Amino acid sequence: MKDKIIKVIIADDHALIREGIKQILELENDIVVIGQASNGEEAFTMATELDPDIILLDINMPKLNGIETLRKFKDMGITSKVIILTIHEDKEYILKTLKLGANGYMLKDSNADSLIKGIRDVAKGEKYIQPSVADLVSRSSNYDEYFNISIDKINSLTKREYEVLILIAEGLNNKDIADRLYISEKTVKNHVSNIFKKLDLNDRVQAAIFAYKNNIKKL
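Remember, it's a predicted structure, so these values are computed and weren't measured experimentally.

Trainee: Report on helix 9 (residues 174-181), specifying residues and quantitative values.
Mentor: Taken together, the buried positions of helix 9 are occupied by Asn174, Ile177, Ala178 and Leu181. The buried residues of helix 9 occupy one face: seen down the axis, they fall within an arc of 100 degrees. Following helix 9 by one or two positions, Tyr182 has its phi on the positive side, about 60 degrees.

See below:
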């Protein structure tokens, strides 16, 4: 079966960066860049008119910055998935965008393979957070209220669920986890659902940060 084409909009106020990202992405057969926006207002207009699958959104932009644009997307019911792609490693930016509903967070120093993986994972309904970003956030004392660190919760996981949590933290999607553990994708989905329930988490981004924060490592 032919892979679905992932339609992407790049929102960044630097034309050279937009063009560079476009050239990287369009080397892939399943990704096409359908628009480029130089500010938040343009990004919103394009999202409304073009209905992209993924919006790569910078934070530092004129008219509406990335955070304001993301908030407007959510307020106005834009269903496109959003990956923040920025230079900012600031915890405040990371936490704010994730809480506003960003589907991914990556730094501009990411390599091409990571960017493409992030786009594909998010397009499939996964969440993607660059491991170094997850590690940074996990060391934030402000996040203690967001994640209830509990040995009892970790101990409630089965050995297999623990293994799946480690692989989620590594950025693997359900299919990759299934291949790694030699189990079915349906079984992985069940394990992921149980992990979220036991750890009181909502998505894979929270699961990855929980794993980093609690120093969960291979058995």
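Here the narrative resumes, following the displayed structure.
Trainee: Residues and numbers for the nonpolar core, please.
Mentor: Ranked by size, the top nonpolar core spans 26 residues in total, and within it Ile55, Leu57, Phe73, Val82, Ile84, Tyr105 and Ile129 carry the most contacts. Contributions of two or more residues to this core are made by strand 1 (6-11), helix 2 (40-50), strand 3 (54-57), helix 3 (66-75), strand 4 (81-86), helix 4 (91-99), strand 5 (104-107) and helix 11 (204-213). Sort the elements by how many residues they give to this core and helix 2 lands first, with 4 residues. When near neighbours in sequence (up to four residues on either side) are disregarded, Ile84 contacts Leu57, Ile59, Thr97, Ala102, Gly104, Tyr105 and Met106. Counting 23 residues, the second-largest nonpolar core is a separate cluster that includes Leu181, Ala207, Phe210 and Ile216.

Trainee: Just give me the short version of the pairing of strand 4, but keep the residues and values in it.
Mentor: In regular strands, side chains alternate between the two faces of the sheet. Here strand 4 lies mainly inside the structure; 5 of its 6 residues are buried. Looking at chain direction, strand 3 and strand 4 are connected through 4 bridges and run parallel. Within the sheet, the bridge partner assigned to Ile54 lies in strand 4 and is Lys81. Once the chain exits strand 3 it traverses helix 3 before rejoining the sheet at strand 4, and the crossover so formed is right-handed. Here strand 4 runs beside strand 5; their pairing, made up of 4 bridges, is parallel.

What counts, and at which threshold
- Residues numbered from 1 in each chain as written.
- Predicted model: local features only at pLDDT ≥ 70, side-chain atom pairs only at ≥ 80, totals over all residues.
- Heavy atoms only, no water.
- Buried < 20%, exposed > 50% of the residue type's maximum accessible area, 1.4 Å probe, protein only.
- Helix = DSSP H or I, 4+ residues; strand = E, 2+ residues; numbered from the N terminus.
- Arc of directions from axis to C-beta.
- Core = buried A, V, L, I, M, F, W, Y, C linked by side-chain atoms within 4.5 Å.
- Contact = heavy atoms within 4.5 Å.
- Pairing = 2+ DSSP bridges.
- Right-handed = clockwise from strand over helix to strand, strands pointing away.

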